[in-house]
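# Examining the three-dimensional arrangement
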Amino acid sequence: MMMSAEKLIQKGVFAFSLMTILFCAAFSGCKADEDITKEPVAGELLRIARESLQDSIVFYARAMMGTVNKTLLEQGCPVKYHFKWRSEDTLNMQIHNFTVGKMPVVISFSINLKFMQLNTWEKNEYLGSDWIKFQGSKGISVVNANTDEYEDGGGGSGTVTGYFNAETKEMEFVTSFNVMNFSTDVYLQKIDYSRMATYDEDFRQYEEDLAKYKEEHGL
């Protein structure tokens, strides 16, 4: 039996109203999350970040080309990251002359980072009140040049997104160089300042483990 024109109109109005409600709810949620991330980070959390992220820190990172781990080893390799605060809430991060494993290029990188609160979705993943987020865009990448430092961290197209825990001093972040789809993936780990003193030894160990991996896998 065919539905009357009046009922068709009623169903159409109901469907449109439902879609409107869902859209508004989604938009409101996105807007709320956007407002959250724009709110200043609590002073104590930013103070701890300023104290913790200073000078040079070694993290284990995977050099990725797309989804391919160019460091080959699951734990990655030790990488020096250099930090300098440009202002009260702006942190410059640099990588100098980075190449490792099967990377076909040498990359130096500089970017300015801003700290912000986590949005609703991130709070479900990073539990507790001590997590803060940091992000940067317009990072400068220089390829195959012997470069030790940039004063400016803007003007390019590289990006960084990461998370820092002020209580445990753990952090993780991804750096996208926007060069041949290369990035470095620093998986969750605690800041260990002693790694600077053992960097050369740790890197030699990585190279030995890499050579063994290649031999075992016929590479």
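Everything below is about the structure shown above.
What comes next is a walk through the structure.

## Examining unusual backbone geometry
A positive phi angle, near 60°, is found at Asp55, a position not held by glycine. Considering the arrangement of structural elements, one finds Asp55 in strand E1 (residues 55-65). Residue classification places Asp55 among the exposed positions, given a relative accessible area of 56%. Of note in this structure, Met180 is not a glycine but carries a positive phi near 55°. Within the fold, Met180 resides in the loop between strand E8 (170-176) and strand E9 (182-190).

## Considerations on the pairing of strand E6 (residues 131-143)
In terms of strand pairing, strand E5 (residues 107-116) meets E6 through 7 bridges, oriented antiparallel. Each bridged residue has a counterpart across the sheet, and for Ser108 the counterpart in E6 is Val142.

## Some remarks on the pairing of E8
Taken residue by residue, a regular strand's side chains alternate between the two faces of the sheet. Residues Met171, Phe173 and Thr175 line the buried face of E8, whereas the alternating positions Glu170, Glu172, Val174 and Ser176 sit on a face that is not buried. Across 6 bridges, strand E7 (residues 158-165) lies against E8 in antiparallel orientation. When the sheet's bridge partners are listed, Val160 is paired in E8 with Thr175. Hairpin connection between E7 and E8: a loop of 4 residues separates the two successive antiparallel strands, and Lys169 in this loop has a positive phi of roughly 65°. The turn linking E8 back onto E9 is made up of 5 residues, and Asn178 within it adopts a positive phi angle of 55°.

## Looking at the packing of aromatic side chains
Enumeration according to the criterion identifies 11 aromatic pairs in this entry. Judged by centre distance (5.6 Å) and plane angle (20°), the rings of Trp85 and Phe115 are stacked. Pair noted here: Trp85 is in strand E3 (residues 77-85) and Phe115 is in strand E5, with a separation of 30 residues, a long-range link. Judged by its relative accessible area of 12%, Phe115 is buried. Considering the side-chain rings of Phe203 and Tyr206, the 5.7 Å spacing of their centres and the 50° angle between planes classify their relative orientation as tilted. Within this pair, Phe203 and its partner Tyr206 are both found in helix H4 (residues 199-217), separated by 3 residues, close to a single helical turn.

## A short note on helix H2 (residues 43-52)
Buried within H2 we find Leu45, Leu46, Ile48, Ala49 and Ser52. Buried residues in H2, looked at end-on, bunch into an arc of 160°, giving them a common side. Of the residues in H2, the exposed ones pointing more than 90 degrees away from the buried face are Gly43 and Glu51. Each element contacted by the buried residues of H2 is listed here: E1, E3, E5, E6 and E7.

Cut-offs and rules
- Residues numbered from 1 in each chain as written.
- Predicted model: local features only at pLDDT ≥ 70, side-chain atom pairs only at ≥ 80, totals over all residues.
- Heavy atoms only, no water.
- Helix = DSSP H or I, 4+ residues; strand = E, 2+ residues; numbered from the N terminus.
- Buried < 20%, exposed > 50% of the residue type's maximum accessible area, 1.4 Å probe, protein only.
- Pairing = 2+ DSSP bridges.
- Phe/Tyr/Trp six-rings, centres within 6.5 Å; stacked < 30°, edge-to-face > 60°.
- Arc of directions from axis to C-beta.
- Contact = heavy atoms within 4.5 Å.

Function cannot be inferred from these measures alone, as they are strictly geometric.
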